[in-house]
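Coordinates in review
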Amino acid sequence: MRRSFLLIIAGVLAFAGGLGLQVYSADSSAIGAWDDLPALRLPDLEGKPRQLDEWRGKILVLNFWATWCPPCRKEIPEFVALQQQYGSQGLQFVGIAIDAVEPVAEYAKMSNINYPMLIAGDAGMALAGQWGNQVGAVPFTVVIAPDGQVLARHPGELSRAELLAIIQPVLEQGT
C-alpha cells in the first residue's frame with residue numbers, strides 16, 4: 001500500500017514538473033496583452049470584416065457609440081480632429097456603432113469621420129460589457145496602448161482634455 005502511495009506521489013510530481021517545463025519553455029513573445037483582449041470581429045461600413053489585430057502596435061481608441069446618442073455625437077468632432085492631428089504618430093480611433101449600417105453611414109459622411117466605423121448593431125452593448133462597460137453607458141471608450149495594455153475605460157462622454165491626458169504620455173514615448 002505504501003509503495004502504491006509513493007508511485008502516485010511520484011507520478012503527480014512528474015506531471016506537475018512536466019507542466020512547469022512546458023509553461024517555462026513556451027515562447028513568451030507570442031503571449032501578451034493583445035492576446036488577452038476580448039475578441040473583436042465586426043463589419044465596417046462596406047461590410048468588410050475587421051479585426052482588432054489590424055491596429056496592433058497603435059494607440060487604439062475604441063469608442064462604442066450610437067447615432068441616437070447626443071453625448072456620442074458631441075464627442076465625435078474632437079475624435080475626428082485628434083485622429084487628424086495624431087494619426088501619423090500612431091493614434092487610431094475605431095468607432096463601434098450600436099446601430100444599423102444605414103444611419104451610421106449617413107452620419108459618418110455628414111460628419112466627415114476619418115476613422116473606421118464598425119457595425120455592432122444590437123450586440124454592441126454586450127460587446128461593450130466584455131470590454132468593461134459595467135454600467136451600460138453610451139458612449140463608452142476604451143484606450144489601448146501599442147503593447148495591448150488597457151490604459152483607460154471611460155463610460156460617458158470623453159472630453160479632448162481627458163483623452164489627451166491618457167494618450168499624451170504614450171505619444172511622447174514614441175517620439
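In the block above lies the structure referred to throughout.
A brief report on the enclosed structure follows. Not measured: the values here are computed from a predicted model.

This part covers the state of the cysteines. A complete count under the given rule lists 1 disulfide for this structure. Bridging Cys69 to Cys72, the disulfide has an S-S length of 2.3 Å. Here the disulfide of Cys69 and Cys72 is right-handed, its torsion about the S-S bond being about 80°. Accessibility expressed as a relative area gives 4% for Cys69, which makes it buried. A relative accessible area of 0% places Cys72 in the buried class.

At a closest axis distance of 11 Å, the pairing of helix 3 (residues 70–86) and helix 6 (residues 160–174) adopts a crossing angle of 20°. In terms of orientation, helix 3 and helix 6 fall into the roughly parallel class. The two elements helix 3 and helix 6 cross, and the hand of that crossing is right-handed. Contacts between helix 3 and helix 6 involve Glu78, Phe79, Ala81, Leu82, Gln85 and Tyr86 from the former and Arg160, Leu163, Leu164, Gln168 and Leu171 from the latter. Classifying every residue of the contact of helix 3 with helix 6 by side-chain character gives 7 nonpolar, 2 polar and 2 charged.

Definitions and cut-offs
- Residues numbered from 1 in each chain as written.
- Predicted model: local features only at pLDDT ≥ 70, side-chain atom pairs only at ≥ 80, totals over all residues.
- Heavy atoms only, no water.
- Disulfide = S-S within 2.5 Å.
- Buried < 20%, exposed > 50% of the residue type's maximum accessible area, 1.4 Å probe, protein only.
- Axes fitted to C-alpha atoms, helices over the stretch in contact; angles between N-to-C directions.
- Helix = DSSP H or I, 4+ residues; strand = E, 2+ residues; numbered from the N terminus.
- Parallel < 35°, antiparallel > 145°, perpendicular 65-115°, else oblique.
- Left-handed = near helix turned anticlockwise from the far one by under 90°.
- Contact = heavy atoms within 4.5 Å.
- Nonpolar A, V, L, I, M, F, W, Y, C, P; charged D, E, K, R; others polar.

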